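# Coordinate inspection notes
Here is what each chain is made of, one letter per residue.
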Amino acid sequence: MSTLSPVNPDPPAAAASGTEAEVPRQRPFSRANLVQTIAGGYVPLILGTLVVVLPLLWMVLSSLKQPGEIITMDLKLLPESVNLDNYRVAMTTVPFAQFFLNSLIVTTVGATVKVILAILTAYALVFVRFPFKNAIFILILVALMVPPQVSILPNYILIAGMGGKNTLWGIILPGLGTAFGTFLLRQHFMTLPGSILEAAEIDGAGHWRRLWQVAVPVSGPSIATVALVTVVSEWNDYIWPLIITDRPETMTLPVGLTLLQNSEGNGSGWGILMAGAVLVIVPILLVFAALQRYIVAGLTQGSVTG
């Protein structure tokens, strides 16, 4: 009686069914890896940094120069001596303290109301059941795509008709809605575990308590992102305050620079104008630099789910 011998697998097939051949990795300091890192990483990063930093650096250096060092045929990068007279003239030629106070009030009130409205709207779009909720969210997305310049004329007619010209509330009111903040917070609220809010609901918490005691405390980075972006946009807003105000008593800092330019119409006023621009952007740059890590955390917090 013959016995069947076991069939041996084909050696090439067995080798093919085994572990795949490892792809050789490039050494960290190999020539190809260094070229890829420099060309794909450092060069774009350096170019992007220069595009952002060079105008600011030129503005700061020009604010320290004498008029003859700015209006000249010979390019001079560095001032011959540090001159702070441009800052003194910029702060005394126009009511700089009043401009600063107006900007502080407009930014504080406007940003606070915008953030609160964004939180309430985003929570309602996620956790409250009401008709046409998706349609309202689509309208918010459409508002993100519409440039704000389109609404300047209707807003001016409305605010001027209400007596808001040359008033701080007239500057604040038209921009209280924030589609960006609502969209960002809605996307973040959708990533929150439903069990947390369900547990609060079982304990008898209504929507108001669930919002401020549960949703808001765990959404710090996203809310901080909306707040910082709103503060920066409110502080730097120029077009609408320029249109709705024509009196120095109600002008903000960016608009006040136009008075500084008009008062120094000749070539000697460039250094003073640069000094005024530095005074405008330094406060918001300090706030942004100190809290920019919240922007990165907030923008990425709701990007990965599951």
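Residues numbered from 1 in each chain as written. Predicted model: local features only at pLDDT ≥ 70, side-chain atom pairs only at ≥ 80, totals over all residues. Heavy atoms only, no water.

## A word on unusual backbone geometry
Non-glycine residue Phe 132 carries a positive phi angle of around 60°. Here Phe 132 lies in the loop between helix H5 (96-127) and helix H6 (133-145). Exposure remark for Phe 132: the relative accessible area of 68% places this residue in the exposed category. You will see that Asn 166, though not glycine, has its phi angle at about 60°, which is positive. (Helix = DSSP H or I, 4+ residues; strand = E, 2+ residues; numbered from the N terminus. Buried < 20%, exposed > 50% of the residue type's maximum accessible area, 1.4 Å probe, protein only.)

## Some words on the pattern of salt bridges
Where charged atoms from two side chains of opposite charge come close, those side chains can pair. Taken as a whole, this structure holds three salt bridges when the rule is applied. One salt bridge connects Lys 165 with Asp 246, and the closest N-O pair in it is separated by 3.9 Å. In this pair, Lys 165 sits in the loop between helix H7 (152-161) and helix H8 (168-172) while Asp 246 sits in the loop between helix H13 (239-244) and helix H14 (253-263), placing the two residues 81 residues apart along the sequence. A relative accessible area of 35% means that Lys 165 is categorised as partly exposed. Using a relative accessible area of 47% as the deciding quantity, one classes Asp 246 as partly exposed. Across the salt bridge formed by Glu 201 and Arg 210, the nearest N and O atoms sit 3.7 Å from each other. Accessibility expressed as a relative area gives 46% for Glu 201, which makes it partly exposed. (Salt bridge = Lys/Arg side-chain N within 4 Å of Asp/Glu carboxyl O.)

## Here we look at the layout of surface pockets
The computed volume of the largest pocket comes to approximately 990 Å³. Elements with a minimum of two residues in the lining of the largest pocket: H5, H6, H7, H8, helix H9 (179-189), helix H12 (220-236) and H13. Per-element tally for the lining of the largest pocket: the top contributor is H12, with six residues. Tallied by class, the residues present in the lining of the largest pocket amount to 19 nonpolar, eleven polar and three charged. Counted as a void, the second largest pocket has a volume near 200 Å³. (1 Å grid on protein atoms, 1.4 Å probe; cavity = no way out; pocket = protein on both sides within 12 Å on 5 of 7 lines; lining within 4 Å. Points joined across faces, edges and corners; volume = space filled by probe spheres on them. Nonpolar A, V, L, I, M, F, W, Y, C, P; charged D, E, K, R; others polar.)

## A few points about helix H11 (residues 207-215)
When we look at burial in H11, the residues that qualify are Arg 210, Leu 211, Val 214 and Ala 215. Each buried residue of H11 lies within a common arc of 115° when the element is viewed along its axis, so the set occupies one face. Residues of H11 that are exposed and angled more than 90 degrees away from the buried face: Trp 208 and Gln 213. Of the surrounding secondary structure, the elements contacted by the buried residues of H11 are H5, H9 and helix H10 (194-202). (Arc of directions from axis to C-beta. Contact = heavy atoms within 4.5 Å.)

## Concerning the packing of H9 against H12
To describe two helices that pack against each other, one gives the angle between their axes and the distance between the axes. Where H9 contacts H12, the two axes come as close as 10 Å, and the packing angle between them is 170°. The orientation of H9 relative to H12 falls into the category roughly antiparallel. Contact with H9, carried on its side by Phe 180, Gly 181, Leu 184, Leu 185 and His 188, involves Ser 222, Ile 223, Thr 225, Val 226 and Val 229 of H12 and no other residues of that element. Across the contact of H9 with H12, the residue classes break down as six nonpolar, four polar and no charged. (Axes fitted to C-alpha atoms, helices over the stretch in contact; angles between N-to-C directions. Parallel < 35°, antiparallel > 145°, perpendicular 65-115°, else oblique.)

## So, the nonpolar core
Membership of the largest hydrophobic core comes to 22 residues, with the highest contact counts inside it found for Tyr 87, Leu 253 and Leu 260. When residues of this core are traced back to their parent elements, those giving at least two are helix H4 (85-93), H5, H14 and helix H15 (270-301). With eight residues, the top contributor of residues to this core is H15. Dropping the residues within four chain positions of it, Tyr 87 is found in contact with Ser 63, Leu 64, Ala 275, Val 278 and Leu 279. (Core = buried A, V, L, I, M, F, W, Y, C linked by side-chain atoms within 4.5 Å.)

## Section: the packing of aromatic side chains
For the structure on display, the rule yields five aromatic pairs. Ring plane angle 40° and centroid distance 4.9 Å describe the contact between Tyr 123 and Phe 127, whose orientation is recorded as tilted. In this pair, Tyr 123 and Phe 127 are both assigned in helix H5, four residues apart and thus about one turn of the helix distant. By relative accessible area, which is 4% here, Tyr 123 ends up buried. (Phe/Tyr/Trp six-rings, centres within 6.5 Å; stacked < 30°, edge-to-face > 60°.)

## Some words on the packing of H5 against H12
Contact geometry of H5 with H12 gives a least axis separation of 9 Å together with a crossing angle of 145°. Crossing handedness for the pair H5 and H12: right-handed. Contacts from Phe 100, Ser 103, Leu 104, Val 106, Thr 107, Gly 110, Ala 111, Lys 114, Val 115 and Ile 119 of H5 reach H12 at Ile 223, Val 226, Ala 227, Thr 230, Val 231, Glu 234 and Trp 235. (Left-handed = near helix turned anticlockwise from the far one by under 90°.)

## Observations concerning empty space enclosed by the protein
Any empty space left between the atoms is revealed when a probe the size of a water molecule rolls over them. Taken as a whole and assessed by the stated rule, the structure comprises two cavities of 30 Å³ or more. Reported here for the largest cavity is a volume of approximately 40 Å³. In this structure, the largest cavity is lined by Leu 192, Pro 193, Ile 196, Leu 197, Val 214, Ala 215 and Val 218. Those elements giving two or more residues to the lining of the largest cavity turn out to be H10 and H11. Taken as a whole, the second largest cavity encloses approximately 30 Å³ of empty space. Of all elements in the fold, only H5 and H14 reach the threshold of two or more residues within the lining of the second largest cavity. With four residues, the single largest contributor to the lining of the second largest cavity is H14. Grouping the constituent residues of the lining of the second largest cavity by class yields eight nonpolar, one polar and no charged.

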